[in-house]
Amino acid sequence: MARSSTRPTSRDVAQAAGVSQAAVSLVLGDKWRGRVSEATAERVRQAARELDYRPNLAARNLRLGRTRTVLLVVPALTTEFFAGVYTGAARVAAQHGFGVVLYPSPEGIGPARDPFASAQAALDGVLASSMAADALTAIRGDRLPLVMLDSDPEGSLGAATVNLDIADGVRQLTDHLLSLGHRRILHLAADVPSWTFDVRARELTARLAAEPDTELRTARAPISIEGARAATETALTTPGPRPTAIVCDDDKLAAGAYKAARRLGLRIPDDISVTGIDDLALATALDPELTTVRLDAERFGEQGMHALLAVLDGRRPDAGDIPVHLAVRGSTAPPRTP
């Protein structure tokens, strides 16, 4: 079959297959079953292949009133975790013919400059981390179909929430330390107003309160290695019995705790145990390797995008938190006996 020098159209496919343009639309839109025969459908597909026909998605989306573009709002891409979230979300979006626009806050937290004159005109929906919720106001993203990540299901802005089971991860971590014999624990908490960090603090406090003769101290730090180092040094040098274990809200904070321990002449885990949450590449780069809660960032992004696509389709997203798992490594051991 001779090829035209111009881009083939659905009319060309219809003429080549001997069918109507409506039949071409049904077949190539995968809506032909029960409306045209299998033989006709195959004839249309064969004609489209021979003509190297590609549907004009822009025109189709204009007709449907859709852009097939969604926005992913995250605090920043300076952490490996949110890069993984993007990878998982983009993979699922591509499988369904959607593109993903990334909207990171340049300062990590809070609003960023609006990349759109009108988000509602440019986007079909939004997938957003609760850590970057302020950015939604700047782009008016809360007026679009919205799915929230790491967000309180009871007070979410979104039509649905997708969460990692952080509470269970903290319980696994705390039970591990208690089983080793730790009773004096320092919580190195992320100084960030976010539901996911509130969950960490709440679960750690509740689990230790249920165990007799335990003591919990809290030190707050920005999510940076140097900030965590300074906060840990201050906490470990205050008067009173020193904690025997440090529970860090994430792996970057744990790296800061490592630096503080070494500056104070403390060996990990002989003199003090340290734990994290995330299981970034950093966790196994530290020496000793870090005991931490493994969060599957890519699966988190995938499930978030599946939920948003369900909302756009008018379906109820699958319920249930994503399981997390404790990775026990060399940074935890029984406390030294006095």
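Residues numbered from 1 in each chain as written. Predicted model: local features only at pLDDT ≥ 70, side-chain atom pairs only at ≥ 80, totals over all residues. Heavy atoms only, no water.

Turning to the pairing of strand 9 (residues 273-278), a few remarks are in order. Successive side chains on a regular strand alternate, one facing one side of the sheet and the next facing the other. Within strand 9, 6 of the 6 residues are buried, leaving the element largely enclosed by the surrounding structure. Every second residue of strand 9 is oriented toward a common face, with Ser273, Thr275 and Ile277 on one face and Val274, Gly276 and Asp278 on the other, all of them buried. Each parallel crossover has a hand, and for strand 8 (residues 245-248) linked through helix 11 (residues 251-263) to strand 9 it is right-handed. When strand 9 meets strand 10 (residues 291-294), the two strands line up parallel, connected through 4 bridges. For Thr275, the partnering residue across the bridge sits in strand 10 and is Thr291. (Buried < 20%, exposed > 50% of the residue type's maximum accessible area, 1.4 Å probe, protein only. Helix = DSSP H or I, 4+ residues; strand = E, 2+ residues; numbered from the N terminus. Right-handed = clockwise from strand over helix to strand, strands pointing away. Pairing = 2+ DSSP bridges.)

Quick look at the confidence of the model for the protein now. Residues of the protein with pLDDT of at least 70 account for 83%, and the chain-wide mean is 84. The low-confidence segment residues 1-5 (pLDDT under 50) makes 6 contacts with residues lying over four places distant or belonging to another chain. Long-range and interchain partners of residues 108-121, a stretch whose pLDDT sits below 50, account for 38 contacts in this model, where long-range means more than four residues apart. (pLDDT = per-residue confidence, 0-100. Contact = heavy atoms within 4.5 Å.)

The next point concerns the packing of aromatic side chains. In this description, a pair of aromatic rings is defined by centroid distance and the angle of the planes. Inspection of the entire model under this criterion finds 2 aromatic pairs. Joined through ring pairs, the aromatic side chains of Phe81, Phe82 and Phe300 make up one cluster. (Phe/Tyr/Trp six-rings, centres within 6.5 Å; stacked < 30°, edge-to-face > 60°.)

Over its 13 residues, helix 11 extends 19 Å from the first C-alpha to the last, a length consistent with the 18 Å expected when each residue adds 1.5 Å. Every buried residue belonging to helix 11 is among Asp251, Leu253, Ala254, Ala255, Gly256, Ala257, Tyr258, Ala260 and Ala261, and all of these are buried. Between the side-chain oxygen of the N-cap and the backbone nitrogen of Lys252 there are 3.2 Å, and the N-cap of helix 11 in question is Asp250. Count one or two residues on from helix 11 and you reach Gly265, which has phi positive near 75°. (Expected span 1.5 Å × (residues − 1). Polar contact = N/O pair within 3.5 Å; in protein donor to acceptor, adjacent residues only side chain to side chain.)

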